[in-house]
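The primary structure of each chain is shown beneath.
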Amino acid sequence: MLRIGTVVLGVQDVRRAAEFWGRALGYVPRDGEPSDDWVVLVPAAGTGTPVALGRSVTPVQEHPRVHLDLYADDAAEQAAEVERLVGLGAVRVDWDSYPEDPDFIVLADPEGNRFCVIDTAHG
């Protein structure tokens, strides 16, 4: 049976993206310092899904078909994590597809890749 081994994101600047995602998730490069073309990040303290960052020249999708969902335990943690991520270089996205009472906040990393911070306790 197959299983997901690594989530891969395309980025223009691998080192900048590695710095952001490493600090955002508490991940470190698996094989030492990132190259200009590729890095695999793994959890610094334990197990989890690796995130690989590969150099890409394709433009960022405004409405990506695949993205990361980052889970927060409640609304307070969600708000705190959004502020922490913005402090690391993420930006809030003026998302045109929010439902009436969303449990998620859409952000973009410094490369423009969209991701969501989810309040898992939301109604």
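Throughout what follows, the structure given in this document is the object of discussion. Model, not experiment: these values are computed from the prediction. (Residues numbered from 1 in each chain as written. Predicted model: local features only at pLDDT ≥ 70, side-chain atom pairs only at ≥ 80, totals over all residues. Heavy atoms only, no water.)

Focus: the sheet that holds strand 4 (residues 51–55)
Right, on to step 1. Spatially, four strands are ordered 1-4-3-2 in an open sheet, and the strand pairing comes out mixed. Bordering the open sheet on either side are strand 1 (7–11) and strand 2 (27–29), each of which pairs with just one other strand. Across the sheet, the axes of successive neighbouring strands diverge by a mean angle of 25°, strand direction being ignored.
Right, on to step 2. Note that strand 3 (residues 38–43) and strand 4 share four bridges and pair antiparallel. (Pairing = 2+ DSSP bridges. Helix = DSSP H or I, 4+ residues; strand = E, 2+ residues; numbered from the N terminus. Axes fitted to C-alpha atoms, helices over the stretch in contact; angles between N-to-C directions.)

With respect to the sheet that holds strand 7 (residues 104–108)
Where strands meet in a sheet, backbone hydrogen bonds hold them as pairs that are either parallel or antiparallel.
Right, on to step 1. Spatially, 5-8-7-6 is the arrangement adopted by the four strands of the open sheet, whose pairing is mixed. Of all the strands in the sheet, just strand 5 (68–72) and strand 6 (91–92) have a single pairing partner and so form its edges.
Right, on to step 2. Bridging between strand 6 and strand 7 involves two bridges; their strand directions are antiparallel. Counted as the bridge partner of Val91 is Ala108 from strand 7.
Right, on to step 3. Contacts from helix 2 (residues 75–88) reach strand 5, strand 6, strand 7 and strand 8 (114–119), with the element oriented near 155° to strand 8. (Contact = heavy atoms within 4.5 Å.)

Some points on the pattern of salt bridges
Right, on to step 1. If you walk through the whole model with that rule in mind, you get six salt bridges.
Right, on to step 2. Taking the shortest distance from any N to any O, the salt bridge between Glu81 and Arg84 comes out at 2.7 Å. Here the residue Glu81 and the residue Arg84 both occupy positions in helix 2, the gap between them amounting to three residues, near one helical turn.
Right, on to step 3. By relative accessible area, which is 33% here, Arg84 ends up partly exposed.
Right, on to step 4. A salt bridge links Glu83 to Arg92; the nearest nitrogen and oxygen atoms lie 2.3 Å apart. (Salt bridge = Lys/Arg side-chain N within 4 Å of Asp/Glu carboxyl O. Buried < 20%, exposed > 50% of the residue type's maximum accessible area, 1.4 Å probe, protein only.)

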